[in-house]
Amino acid sequence: ASYTLAAEALARLTVPIYYVGGNHDDPALMRAYLDAPVHPSGEAGAPLDYTFDIGDEHFLVLDAHSYAVPDPLGRLSEVQLEFARREAQTDGPPLTVLLHYPLFHMASPWLDANMIVDNGEALHEALLPARGRLRGVFYGHLHRSCQIARNGIAYVCAPSTFSQYAWRPWDEMPQVDHDYPPAYNVVQYFPQQVVVHQYAFPAQWEGRG
């Protein structure tokens, strides 16, 4: 029912849509109801891993949801890491990586223990050869905007369109931040740089308790 509702809402858009699987998603249902890309293996339930191109820009999408770790942690298989290594060679077109989960510790004990890709360091290492052409790594999952610069790679977390977390380093558990409304990022590509602007939904947020 959720994917049917999503398909109806997204059908109103007049631009191409590229899906990234999250920890609450089912790749088979995304393929059945949202026309998400078929995996090269042909398996409907295989991870939502694929590439696409827009103009001269190349995009790599990885699905880190794994039953090998407790939700909401993520993990990438060796097959997925090898896929990333092949895509992240030194030479090639400008590259952007998209996934749902952050790769690194977030300076928040609960998030660090529960929300990251538990072998995210391996993906970071796989991406290093491409850092000269890497536009950025974009992700979500944290319900909070966050940016990390590491070894010349920009990692950018989008805010949540549902609700935001307050997760200060001294908080044992993140809490819903009622002062921070649902929001989203607009990412603009230019020849020499990528610009990220954040926008909120103040009208929808008003009146929430």
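Our subject is the structure listed above.
Residues numbered from 1 in each chain as written. Predicted model: local features only at pLDDT ≥ 70, side-chain atom pairs only at ≥ 80, totals over all residues. Heavy atoms only, no water.

A.B. asks: Break down the overall build of the protein for me, with residues and values.
C.D. replies: A tally of helices and strands in the protein yields six helices and 10 strands. Taking 209 residues into account, the globule formula puts the C-alpha radius of gyration at 17 Å, and the protein, at 17 Å, falls close to it. In terms of its C-alpha atoms, the protein occupies a principal-axis envelope of roughly 50 × 40 × 40 Å. Put simply, of all contacts in the protein between residues at least 6 apart along the chain, 53% involve residues at least 24 apart. Summed over all atoms, the accessible surface of the protein reaches about 11,500 Å², with 55% contributed by carbon and sulfur. Of the side-chain charges in the protein, 12 are positive and 24 negative, and the distance between the mean point of each set is 4 Å. (Helix = DSSP H or I, 4+ residues; strand = E, 2+ residues; numbered from the N terminus. Rg over C-alpha atoms; globule rule 2.2 N^0.38 Å. Contact = heavy atoms within 4.5 Å. Areas by Shrake-Rupley, 256 points an atom, 1.4 Å probe, with all protein chains shown as cover. Lys, Arg positive; Asp, Glu negative; His and termini not counted. Charge placed at Lys NZ, Arg CZ, Asp CG, Glu CD.)

A.B. asks: Describe the side chain of H39, naming the residues involved and giving the relevant values.
C.D. replies: Considering the arrangement of structural elements, one finds H39 in the loop between α2 (27–33) and β1 (50–54). With a relative accessible area of 18%, H39 lands in the buried category. A polar side-chain atom of H39 sits 2.9 Å from a polar atom in the side chain of S41. In this view, H39 contacts R31, A46, P47 and D49; residues no more than four positions away in its chain are not counted. (Buried < 20%, exposed > 50% of the residue type's maximum accessible area, 1.4 Å probe, protein only. Polar contact = N/O pair within 3.5 Å; in protein donor to acceptor, adjacent residues only side chain to side chain.)

A.B. asks: Outline the environment of L10, supporting the account with residue identities and numerical values.
C.D. replies: Relative to the helices and strands, L10 is located in helix α1 (residues 2–10). Here L10 falls in the partly exposed class, since its relative accessible area comes to 28%. Spatially, the C-alpha atoms of L10 and A113 are 34 Å apart, while their sequence positions differ by 103 residues.

A.B. asks: Describe the pairing of strand β10 (residues 194–200), with residues and values.
C.D. replies: When strand β9 (residues 183–189) meets β10, the two strands line up antiparallel, connected through seven bridges. When the bridges of β10 are listed, Y184 appears paired with Y199. Between β9 and β10, which pair antiparallel and follow one another directly, the connecting turn spans four residues. (Pairing = 2+ DSSP bridges.)

A.B. asks: Tell me about the sheet that holds strand β6 (residues 153–157), residues and numbers included.
C.D. replies: As summarised here, the arrangement of the six strands in space is β1-β2-β3-β4-β6-β5, forming an open sheet in which the pairing is mixed. Either end of the sheet is taken by a strand with one partner, and the two such strands are β1 and β5 (146–150). With direction set aside, neighbouring strand axes in the sheet form an average angle of 20°. Here β5 pairs with β6 via five bridges, running antiparallel. Across the sheet, residue Q147 finds its bridge partner in β6, namely V156. Here helix α3 (residues 78–87) sits on the sheet in contact with β1, β2 (57–61) and β3 (95–98), set at roughly 170° to β2. Across the sheet, helix α5 (residues 120–127) touches β3, β4 (134–139), β5 and β6, and the angle it forms with β6 is around 135°. (Axes fitted to C-alpha atoms, helices over the stretch in contact; angles between N-to-C directions.)

Any functional reading would require information that these geometric values do not contain.
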